[in-house]
Amino acid sequence: MSSNRILVVEDEPNIVESLRFILERVNYDVESVSNGLTALEQMRKQAFSAVVLDIMLPGMNGLDVLRTMREDSRLSKLPVIVLTAKGQAQDRKAAEETGANAFITKPYSNAEVVKQVEKFARR
Amino acid sequence: MLPTDLVIFVCLGYVAILFAVAFAGDRRARRDPSGWLSSPLVYTLSISIYCTSWTFFGAVGSAARNGFEFLTIYLGPTVVFVGWWVFLRKLVTVGRVYHTTSIADLISARFGKDPTLGALVTIMAMVVTAPYIALQLQALTSSFQVITFHAGAVTAANTSLEPDFTTAFWLAVGLCVFSIIFGVRNIDVNERHHGVIAAIAVEAVIKFIALLVVGLWVVFAIQGSPAAVFENAPDNLVAPDDTFGLRWITLCFLAGAAVICLPRQFQVTVVENSSESQIRTASWLFPLYLFLICLFIIPIAVTGLTQLPEGSNPDLFVLTLPLNADQDMIALLAFLGGFSSATSMVIVSSIALSTMISNHLVMPLALRFSIAPAASPDAMRSFILGVRRASIVFIVFLGFLYFFLSGASDALAAIGLISFCGVAQFLPSLVGGLFWRNATHGGALAGLVAGFTLWGYTLFLPSFGGAFLMPESVILHGPWGIDWLKPQALFGLEGVDPLVQATFWSLFVNAALFVCVPMFSEPTPLARYQSRLFVDVFRHQADSELSVMRRTARIADLKHIANRVLGAQEAFALFATKGIPGRRSVIASDELISEVEQRLAANVGAATARTLVSSVVTRETISVEELKRLADETEQIRAYSAELERKSRQVEVTAAELARANDQLRQIDLQKDEFLSQVSHEVRTPMSSIRSFSDILLSDPQLDPERKQRFLRIIQNESIRLTKLLDGILDLNQLENGDVEWEVEYFDPNSALDQAIESCEALASAAGVKLTRKGKVPRCRVSGNRDKLAQAFINLISNGIKYNTSANPIVTVSTSLRRGVYEACVADNGPSIPESERERIFVRFARGPMPRKVGAGLGLAISRQIVERLGGKLALADSKSGAQFVITLPATNRSPRGDR
């Protein structure tokens, strides 16, 4: 997996735009989808080096997406950086137990997002 | 002297007249039961059977021996009747309401319809009445002997005659015949004996006239004037020294008790009573009758003592005075008076006792051992009638036996007092039963047995003077020589009049047991119920037993019993009139069972009726709830405990309410947590954009201006979104708390709608959405706040615009007014909302199926709150495509300008 493509799963257009800007600035290709089902579809279609995943999504929520990924052999190793407005301890715990590689709460620092993506995404 | 034949002829003639009166009375009563036969006068005269030959002959004898003491016998009843409101009224009402057939029936019914008590009272009444009947036989026999024996002068020798048992026997036979013919024609005891009562009333008049005539003759013909009587009177007679002592009080008391408790008095006063007006009249007329009877007793006694030879029997002065003066006609009248008083007593007593014997002794035994013929209905009735007739013969000859055994040796007064003391034993059970709610069957039984035993031991058996059961040695020295067991000086009570001490001991122990035993025994539910019925007769007579008793019986079985006891005709009538819903039903209702039992009770007494009905009842329960309710009404303690119970139930209810409130609070708390976390989420999202883009702008000064501009706009927009969010939260909070007063006015809801459409037009045209208004605009007005309603409309319309993803987006607003309901519909042709989301979208922060573009997710929640506060509803209507929100509001269809 030598792709440097990042999948952003987020339903807030402004946040997608900001993530796209900061990640493209450090030379990632950014794909974005606004709901869980499309996200899983995309992941199975093409290779990504990491996923930035929101939890509160319309329809299938982020934790369900993550769980599905971890049960899918092809996606089980794909790094996931959870980016959520639900910042309480139990939310973090739930995300880590389901298999998130990193957990960032909104509002986020751009540097932190880039750092976590760099840490897990294998180019 | 009067020839024997003439006397017999006069007697037979008199009896024939009585027969005629009784016969006519019966016939008249059948035609008109409420005629003069039921008048208070006849009722009062029948009560005067209290004045037997004991009064007619014995009062003079008593006065001659003991001066004014004879008055006590009339003072007691006078007090009872004058104070009728206190006791007699209740007694008579209970008897009338519950179809009481005798004193035994009343006592047994009061204490749970107990057959044992009924039988006990009957046996006691029999034993007590025997001396009394003997007394009448004695009076009849000796008066007959005197009037036929005397020739002119009356000597001491021939006034104390050997008793003539042959005459007594034939008199007894004659009395039986009369009682049987008129007393036991019908078995329904409650169907009053009009014929007999009529005859008794005639006899009451005859004895009254006879005594009055003798008295007037003595005062005015022999003495000359009333004053002369007292001049001639012996000093010891009219100037009493020790008359008003313990014995005086005891006698007054016993007489008062007897006028209620004697079976014959109970019969005429209670059983034959048909209305309260009768007893009201009797309350003064009967004492007046007694007063007039007493008026000439002392003059006759004085005259007898002074004019007749020394040693003449004073019990016969009424007869011997006119005989001595050769006034044959007055003598004959006096004889008839005595004859009347004796016969009427025996007749009524035997009728009353025969009812008791058949209902409380023979029937229960016959039922238990299946002796009573069950084959045909008529056989049962004739069996009962046969038992009654045999009972009459039995009772009269029991009296004859006593007469024979006691040797007719005692003075009349002494015999009467033995009976009085005996019947007084019923008093605790009778009075206590009517007034004391907690009196129990056990107490009554113990009291009666003990009182009766003591009476027999201290008074009745000693009266035979050693001739019967109790040897003379026991009377003189006590059993086995034990001094303190001497019958006439029990427990060392020496030097007291035997009657006083017998009365004291028997009634003291009787009453003490009656009061104390209930402390150790619980009444049965039925007894408790009967207690309430009797004690509170004036309050509860409307309640019938059926509300408490739950019984099941087959109609056919009940009919069978009714046929046997009431006769086919009456039974048929009973079952026909008692309607019985559904003749096809085989199971009798509670009402029917109670009705049948009541009708049977009027014939055979409450206890026997109960036994009969119980024999066909397959299931019997007493409704505890009913019983409790009834008891609660009357018993303070029970009411108190019920109150406690209620309170504790209330506490339980309160606790449950608190628990529920607590749950609600916890629920609200959870909701609040949820809300906080939602708010924080909703705040964090725009904050994220603001932070992220401001980071970018700060860290990247080389950013091209176009981008810079765009990011700044995003920051600005997200700030506005944050402000809106906060406004929305505050709005919603205000709406939910309802703590801000709205200006309330009557306004045209269409004006609010127009205002909303106007303010959304810019948004619509910017989004390329066509906003249209359809349909007629109904003229009406609603109550509330125009601006708030406009806000609700704006939220709906802007939602329709914002979330409309159709290629050709349209938002349509339509209104209507139907039956006082204003309806506004905001429909779009965007994505339809799935069934599962329909209610959820009205919850704050709920996300629609669409990714959110703008807004805080509070619009629908706020709109719904507004509409509900206006008394209306906001709902999502079913629609195949798009979303269709409907606001309904109560409205009047008058012109909005109508009164503005």
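Scroll up a little and you will see the structure.
Residues numbered from 1 in each chain as written. Chains lettered and ligands numbered in written order. Predicted model: local features only at pLDDT ≥ 70, side-chain atom pairs only at ≥ 80, totals over all residues. Heavy atoms only, no water.

Here we look at the overall build of chain A
- Broken down by element type, chain A carries five helices and five strands.
- Along its sequence from the N terminus, chain A presents helices and strands in the succession β-α-β-α-β-α-β-α-β-α.
- Taken over 123 residues, chain A has a buried fraction of 54%.
- Counting contacts in chain A only where the partners sit at least 6 residues apart, residues at least 24 apart contribute 62% of the total.
- In the structure as shown, chain A presents an accessible area of about 5300 Å², 46% of it carried by carbon and sulfur atoms. (Helix = DSSP H or I, 4+ residues; strand = E, 2+ residues; numbered from the N terminus. Buried < 20%, exposed > 50% of the residue type's maximum accessible area, 1.4 Å probe, protein only. Contact = heavy atoms within 4.5 Å. Areas by Shrake-Rupley, 256 points an atom, 1.4 Å probe, with all protein chains shown as cover.)

Observations concerning the pattern of salt bridges
Residue and element names in this part refer to chain A.
- Applying the stated criterion across every chain yields a total of 18 salt bridges over all chains.
- The residue K93 makes a salt bridge to E97 at a minimum N-O spacing of 4.0 Å. In this pair, K93 and E97 are both assigned in helix α4 (residues 89-98), four residues apart and thus about one turn of the helix distant. Assigned by exposure class, K93 and E97 land together as exposed.
- What you see here is one network of salt bridges that share partners, running through E10, D54 and K106. (Salt bridge = Lys/Arg side-chain N within 4 Å of Asp/Glu carboxyl O.)

Focus: the interface of chain B and chain A
- Taken residue by residue, the interface counts 26 residues in chain B and 20 residues in chain A.
- Taking both partners together, chain B and chain A bury about 2100 Å²; carbon and sulfur atoms supply 52% of that area.
- The salt bridge partner of E12(A) is R721(B), with a shortest N-O separation of 2.9 Å.
- Where chain B touches chain A, the interface holds eight residue pairs in polar contact (both at pLDDT 80 or more).
- No other element matches helix α32 (residues 636-699) of chain B, which puts 14 residues into the side of chain B that touches chain A.
- Tallied by class, residues from the side of chain B that touches chain A come to eight nonpolar, eight polar and 10 charged. (Buried area = accessible area lost by both parts, 1.4 Å probe. Polar contact = N/O pair within 3.5 Å; in protein donor to acceptor, adjacent residues only side chain to side chain. Nonpolar A, V, L, I, M, F, W, Y, C, P; charged D, E, K, R; others polar.)

Comments concerning the environment of G256(B)
Residues and elements named next belong to chain B.
- Looking at the secondary structure, you find G256 in helix α13 (residues 246-261).
- Between the C-alpha atom of G256 and that of V79, which follows or precedes it by 177 residues, the distance is 7.3 Å.
- Discounting chain neighbours no more than four positions away, the residues touching G256 are G76, P77 and V80.

Describing unusual backbone geometry
Residues and elements named next belong to chain A.
- With an omega dihedral of -10°, the bond running from K106 to P107 counts as a cis peptide bond.
- Here P107 shows up in the loop between β5 (102-105) and α5 (110-120).
- Its identity as a non-glycine residue notwithstanding, N27 has a phi of 70°, on the positive side.
- Tracing the backbone through its elements, the reader meets N27 in the loop between α1 (13-25) and β2 (29-33).

Quick word on the sheet that holds strand β7 (residues 810-818) of chain B
All names here are of chain B.
- A sheet is described by the order of its strands in space; here five strands give the open sequence β5-β7-β8-β10-β9, paired in mixed fashion. The open sheet has two edge strands with one neighbour each: β5 (770-774) and β9 (873-876). Each neighbouring strand pair of the sheet contributes to a mean axis angle of 15°, computed without reference to strand direction.
- In terms of strand pairing, β7 meets strand β8 (residues 821-828) through eight bridges, oriented antiparallel. Within β8, the residue paired with V813 across the bridge is V826.
- Taken strand by strand, helix α35 (residues 786-802) contacts β5, β7, β8, β9 and β10 (884-890), and its axis lies near 170° from that of β10. (Pairing = 2+ DSSP bridges. Axes fitted to C-alpha atoms, helices over the stretch in contact; angles between N-to-C directions.)

What about the packing of helix α4 (residues 72-82) of chain B against helix α15 (residues 276-295) of chain B?
All names here are of chain B.
- Packing of α4 against α15 brings their axes to within 8 Å, and their N-to-C directions diverge by 160°. Overall, the two elements α4 and α15 adopt an arrangement that is roughly antiparallel. Remark: the crossing between α4 and α15 carries left-handed chirality. Taken together, the residues of α15 that come into contact with α4 (itself represented by Y74, P77, T78, F81 and V82) are I279, A282, S283, F286, P287, L290 and C294.
- Partitioning the contact of α4 with α15 into residue classes produces 10 nonpolar, two polar and no charged. (Parallel < 35°, antiparallel > 145°, perpendicular 65-115°, else oblique. Left-handed = near helix turned anticlockwise from the far one by under 90°.)

Brief notes about the nonpolar core
- L91(B), I300(B), F420(B) and F426(B) are the most contacted members of the largest nonpolar core, which totals 165 residues.
- The greatest single-element share of this core, amounting to 19 residues, is contributed by helix α7 (residues 115-149) of chain B.
- Judged by nonpolar contacts, the second largest core, of 77 residues, contains Y28(A), L858(B), I866(B) and L874(B). (Core = buried A, V, L, I, M, F, W, Y, C linked by side-chain atoms within 4.5 Å.)

Here we look at the sheet that holds β2(A)
Residues and elements named next belong to chain A.
- Here we have five strands laid out as an open sheet, ordered β2-β1-β3-β4-β5, and parallel in their pairing. The open sheet has two edge strands with one neighbour each: β2 and β5. Across the sheet, the mean angle separating the axes of adjacent strands is 20° when strand polarity is ignored.
- Across three bridges, strand β3 (residues 50-53) lies against strand β4 (residues 80-84) in parallel orientation.

Here's the deal with the pairing of β10(B)
- One ladder, built from seven bridges, connects β8(B) with β10(B); its direction is antiparallel. Pairing of C825(B) across the sheet is with V886(B), part of β10(B).

Here we look at the environment of T888(B)
All names here are of chain B.
- Looking at the element boundaries, T888 is found in strand β10.
- Residues T888 and G872 lie 16 residues apart in sequence; the distance between their C-alpha atoms is 5.4 Å.
- When near neighbours in sequence (up to four residues on either side) are disregarded, T888 contacts V821, Y822, E823, V867, G872 and K873.

Notes on the packing of aromatic side chains
- In total, this model carries 26 aromatic pairs over all chains according to the counting rule given.
- For the pair F169(B) and F400(B), a centre-to-centre distance of 6.0 Å together with 75° between the ring planes defines the contact as edge-to-face. Placement of F169(B) in helix α9 (residues 165-183) and of F400(B) in helix α19 (residues 377-406) is noted, with a sequence separation of 231 residues between them.
- Take F400(B): its relative accessible area is 13%, and that puts it in the buried class.
- Ring pairs connect the aromatic residues Y50(B), Y74(B), F81(B), Y132(B), F286(B) and F420(B), which therefore count as one cluster.
- The ring of F48(A) carries the charged tip of R5(A) above its face, separated from the ring centre by 5.9 Å. (Phe/Tyr/Trp six-rings, centres within 6.5 Å; stacked < 30°, edge-to-face > 60°. Lys NZ or Arg CZ within 6 Å of the ring centre and 35° of its normal.)

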